[in-house]
Amino acid sequence: MPGPDAALKITLKRDDQDVQEALQHHSRTNIMSCLQCKSCSNGCPFFNAMDLGPNRIVRLLQLGRFEEALTSTTIWICVGCDTCASNCPMSIDIPAVMDVLRQYALDSDRAIPMPEVLDLHQEILGSIQRYGRTHKLEIMLRYKVRKKAWLEDWDLGLKMLSKRKLHLLPAKVRNLTEIKDLFSKSRAVSWPRGHNHE
C-alpha cells in the first residue's frame, strides 16, 4: 500500500517536464510548491474578469496541461499588480509566471484569446520605448485608433485632461539611449525542442 506522499506526487511526460522546468527557470519561481490555498485568487482584484483564477493556472501548469493555460484569458487579464504574490504563503511569483506564459504564447504564434489586451500592452511598451516612460494620452489615442473606436471614452478623456491627470506632451527620461538598449537586447524566451514555434 502506497504511503501518504505517493498520492501527492505528480509525474509528467519528459517533454512536459522540460517545459515545466523552462517555465520555472524563466519565471524564477517554483510552481510545484503551490499548496492550492487560493490566497492568490482570493486577493486578485481582477479575479471576476478571469476565466480561471491564478491558482487554477498554476494547477494546470503543475499537471502539465500547458495548452489549457496558454489559451486562458487569465494570462492576458493579469496586470502584474503582485497582490497574488504578496498573499502567497509559498512566495510563488505568479505575475512572473503569467509574463512567461504570455511571452511563450507570442513566441509560438498562438491565437491570443484577448487581442485587444495585447494591443494595449504593445502601445504601452511602444510609449516606454519612445520616451522611457508612459505617455498615457498618446497610449490611449493610439489604442483607440487601432480599435477604430474613435469617440469611445472621449468624455472621460476630456475630464481627465481638465483635472490634469493626462498630459498633452510626453515627458522623457534623461538617458533614452539606455531604454532603447534594453529593448534591443530583449529576445524570445527559449523553450525545449518541440515546444517552440521554430
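Scroll up for the structure.
What you see is a predicted model; the values in this text were computed from it and never measured.

Criteria and cut-off values
Residues numbered from 1 in each chain as written. Predicted model: local features only at pLDDT ≥ 70, side-chain atom pairs only at ≥ 80, totals over all residues. Heavy atoms only, no water. 1 Å grid on protein atoms, 1.4 Å probe; cavity = no way out; pocket = protein on both sides within 12 Å on 5 of 7 lines; lining within 4 Å. Points joined across faces, edges and corners; volume = space filled by probe spheres on them. Helix = DSSP H or I, 4+ residues; strand = E, 2+ residues; numbered from the N terminus. Nonpolar A, V, L, I, M, F, W, Y, C, P; charged D, E, K, R; others polar. Disulfide = S-S within 2.5 Å. Axes fitted to C-alpha atoms, helices over the stretch in contact; angles between N-to-C directions. Parallel < 35°, antiparallel > 145°, perpendicular 65-115°, else oblique. Left-handed = near helix turned anticlockwise from the far one by under 90°. Contact = heavy atoms within 4.5 Å. Buried < 20%, exposed > 50% of the residue type's maximum accessible area, 1.4 Å probe, protein only. Salt bridge = Lys/Arg side-chain N within 4 Å of Asp/Glu carboxyl O.

A. Structural view of the layout of surface pockets. Its boundaries defined by the atoms lining it, the second largest pocket holds a volume of some 280 Å³. Along its surface, the second largest pocket is lined by 15 residues, and Leu137, Met140, Asp153, Gly157 and Leu166 are the ones closest to its centre. Only α9 (136-147) and α10 (154-162) provide two or more residues apiece to the lining of the second largest pocket. With six residues, α10 is the single largest residue contributor to the lining of the second largest pocket. Here the residues of the lining of the second largest pocket sort into eleven nonpolar, one polar and three charged.

B. The arrangement of the state of the cysteines in detail. Using the criterion set out here, one finds zero disulfides in the structure. Cysteine Cys34 remains unbridged, with the sulfur of Cys40 as its closest cysteine sulfur at 6.2 Å. Here Cys81 is not disulfide-linked; the sulfur of Cys44 is the nearest cysteine sulfur, at 6.1 Å.

C. Summary view of the environment of Met140. Checked against the element boundaries, Met140 lands in helix α9. When the C-alpha positions of Met140 and Leu120 are compared, they lie 8.2 Å apart, and in sequence the two are 20 residues distant.

D. Molecular detail of the packing of helix α3 (residues 54-62) against helix α7 (residues 94-107). Axis separation between α3 and α7 bottoms out at 11 Å; the angle between their running directions is 60 degrees. Here α7 runs oblique to α3, going by the angle between their axes. Where α3 crosses over α7, the two elements pack in a sense that is left-handed. Of the residues in α7, those touching α3 at Pro54, Ile57, Val58 and Leu61 are Ile94, Val97, Met98 and Leu101. Here the residues of the contact of α3 with α7 are counted per class, giving eight nonpolar, no polar and no charged.

E. Geometry of unusual backbone geometry. Of note in the backbone geometry, Arg28 takes a positive phi value of approximately 55 degrees without being a glycine. Within the secondary structure, Arg28 is located in the loop between α1 (14-27) and α2 (39-43). You can call Arg28 exposed: its relative accessible area is 77%. In this structure, Arg164 takes a positive phi of about 60 degrees despite not being glycine.

F. Just the pattern of salt bridges, in detail. One pass over the full model with this rule turns up ten salt bridges. Salt-bridge contacts for Arg142 lead to Glu138; the nearest nitrogen and oxygen are separated by 2.7 Å. With Arg142 and Glu138 both in helix α9 and four residues apart, the pair spans about one turn of that helix. We classify Arg142 as partly exposed; its relative accessible area is 36%. The class of Glu138 is buried, set by a relative accessible area of 13%. In this structure, the salt-bridge partner of Glu152 is Lys147, at a minimum N-O distance of 3.1 Å. Residue class for Lys147 comes out partly exposed when judged on its relative accessible area of 35%.

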